[in-house]
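Residue-level structure breakdown
Given next are the chains, with one letter for each unit.
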Amino acid sequence: MHRWPPDILGLGDAVKKYIDDGNSLSIRDRSGVIKELEDRFAAIHDRKYALTVSSGTMALCSAFFAMDPQPGDEIICTAFSFHSTASSARIWGLNVIFCDVEPDTGNIDVSKLERLITLRTKAVVSNDMWGHPCDKDVILAICRKYDLLYIEDCSHAHFSEYKGKYSGTFGDIACWSFQSLKFLSGGEGGILLTDNFAFYERAVLLGHYSWRSLQTAATPGFTELGAS
Ligand SMILES: *Cc1c(COP(=O)(O)O)cnc(C)c1O
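Residues numbered from 1 in each chain as written. Predicted model: local features only at pLDDT ≥ 70, side-chain atom pairs only at ≥ 80, totals over all residues. Heavy atoms only, no water.

1. Focus on the environment of Leu 192
Assignment of secondary structure puts Leu 192 in strand E9 (residues 190-194). For the pair Leu 192 and Ala 203, spaced eleven residues apart in sequence, the C-alpha to C-alpha distance is 8.9 Å. (Helix = DSSP H or I, 4+ residues; strand = E, 2+ residues; numbered from the N terminus.)

Now the structure itself:
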C-alpha cells in the first residue's frame, strides 16, 4: 500500500515537527528551508543557481524549457533510463534521438554519440545508471566541439563521483529527483543546478509564477550564493 506522504526514515516525524514549530509547508519565495536546501546543494556541487521543484520530472521539464526549445530541435538522449529523462523533452516538442547504451554500465555509449548529431541537435542528455557515472569528459568534449548543451539527469546518482567530481558538476544543467526511492529523498521533490543565469531564470519562470519569479526577473543575480 502506498501512503502519502511516504513515511521513510522518519520523514513524517520531521514534517510534523516542522509544522508544529509553526512553519508553513507552503513557501512562496526563496526563503526558509527551501533557500537552505538550495544553497547547500548548490555549494556542495560548487554551482551558482539551484531551483527546487516538485519532482525529478519537473526538474527535467524545466531544464528543457530553459533551453528555449524551437520546433524541430533535437536532443540526443540515453536509451536506458526512467521514461521522463526523454518524455519531459517531448512536452516542448523536442525530437528525441536515442543513443544506445553500454552493455556493462547501462550508460550512454559515447562511441555512438557523434554519428547521431545533426544540424538540429541542441543537447545531449545522460543518466548515471544505478549511480555509476557515465563518461562525462567525452560527452563534454563532444558537446564543446559541436556547440551542444549537456543536460545531466543525476536522479540515480546523488553524490556519485566521476574522476573526483560529483555527478551534476559537469552539465550546463543538472537535474535530480528526491522521490522516495532515490539515494537522497524528500518523499517527493526535485532540484536543478546550473551556473547560467538565463537558464535559471527561465526555469523559475516556468513553474514559480508569482513571488519567486517577480524577485528573480526583476533583479537579475539576486540569488547569487551569498546574497540574501
Ligand atoms: C526517478 C527518476 C526520474 C523522475 O523523478 P520523479 O521525481 O519520479 O519525477 C527521472 N530520471 C531518472 C533517471 C529517475 O530515476
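Back to the text.
2. Considering the sheet that holds strand E1 (residues 49-53)
Across the sheet, seven strands lie side by side as E1-E9-E8-E5-E4-E2-E3; this open sheet has mixed pairing. Where the open sheet ends on each side, the last strands, each with one partner, are E1 and strand E3 (95-99). If you compare each strand with its neighbour and ignore which way they point, the axes differ by 20° on average. Where strand E2 (residues 74-78) and strand E4 (residues 121-127) come together, four bridges link them in parallel fashion. Opposite Ile 75, over in E4, you have Ala 123 as the bridge partner. In the packing of helix H2 (residues 32-44) onto the sheet, contacts are made with E1, strand E8 (173-177) and E9, and the angle to E1 comes to roughly 130°. The strands touched by helix H3 (residues 56-66) within the sheet are E1, E2, E4, strand E5 (149-153), E8 and E9, with E8 carrying the most contacts at an inclination of about 165°. (Pairing = 2+ DSSP bridges. Axes fitted to C-alpha atoms, helices over the stretch in contact; angles between N-to-C directions. Contact = heavy atoms within 4.5 Å.)

3. Looking at the state of the cysteines
For the structure shown, the criterion picks out zero disulfides. Not part of a disulfide, Cys 99 finds its nearest cysteine sulfur in Cys 77, a span of 9.4 Å. Taking the relative accessible area as the measure of exposure, Cys 99 reaches 0% and is therefore buried. We note that Cys 143 lacks a disulfide partner, and the nearest cysteine sulfur, in Cys 134, lies 10 Å from it. Its relative accessible area of 3% is what places Cys 143 among the buried residues. (Disulfide = S-S within 2.5 Å. Buried < 20%, exposed > 50% of the residue type's maximum accessible area, 1.4 Å probe, protein only.)

4. Let's talk about the site of the ligand
Close contacts around the ligand come from 16 residues, with Gly 56, Thr 57, Asp 153, Ser 177 and Lys 182 the closest. Here an oxygen atom of the ligand and a backbone polar atom of Gly 56 are 2.8 Å apart. Between the ligand and Asp 153, the relevant distance is 2.7 Å, taken from a nitrogen atom to a side-chain nitrogen or oxygen of the residue. Relative to its free-state accessible area of 380 Å², the ligand is covered by the protein chains to the extent of 92%. Mapped onto the shell around the ligand, the elements with two or more residues apiece are H3 and helix H4 (84-90). If you tally residues by element for the shell around the ligand, the top one is H3, at three residues. Across the shell around the ligand, the residue classes tally to two nonpolar, twelve polar and two charged. (Near = heavy atom within 4 Å. Polar contact = N/O pair within 3.5 Å; in protein donor to acceptor, adjacent residues only side chain to side chain. Areas by Shrake-Rupley, 256 points an atom, 1.4 Å probe, with all protein chains shown as cover. Nonpolar A, V, L, I, M, F, W, Y, C, P; charged D, E, K, R; others polar.)

5. Here we look at the pattern of salt bridges
Inspection of the entire model under this criterion finds 16 salt bridges. Note that Asp 21 is salt-bridged to Lys 17, the shortest N-O span being 2.7 Å. Between Asp 137 and Lys 163 there is a salt bridge, with the nearest N and O atoms lying 2.8 Å from each other. One end of the pair, Asp 137, is in helix H5 (residues 136-146); the other, Lys 163, is in the loop between strand E6 (161-162) and strand E7 (165-166), and 26 residues separate them in sequence. The class for Asp 137 is partly exposed, based on a relative accessible area of 35%. Among the ionic contacts, a cluster of salt bridges with common partners joins Arg 30, Lys 35, Glu 38, Asp 39 and Arg 212. (Salt bridge = Lys/Arg side-chain N within 4 Å of Asp/Glu carboxyl O.)

6. As for the side chain of Asp 109
Counting through the fold element by element, Asp 109 comes out in the loop between E3 and E4. The exposure class assigned to Asp 109 is buried, which follows from its relative accessible area of 13%. In contact with Asp 109, not counting residues within four places along its chain, are Cys 99, Asp 100, Val 101 and Glu 102.

7. A few points about the pairing of E5
Most of E5 is tucked away: five of the five residues are buried. Here E5 shows no split at all, with Leu 149, Ile 151 and Asp 153 on one side and Tyr 150 and Glu 152 on the other all buried. Bridging between E4 and E5 involves five bridges; their strand directions are parallel. Note on E5: the bridge partner recorded for Ser 126 is Glu 152. Regarding topology, H5 serves as the crossover connection from E4 to the parallel E5, and that connection is right-handed. In this sheet, E8 lies alongside E5 in parallel orientation, the contact comprising three bridges. Each residue of the ladder has a partner; that of Asp 153, found in E8, is Cys 175. (Right-handed = clockwise from strand over helix to strand, strands pointing away.)

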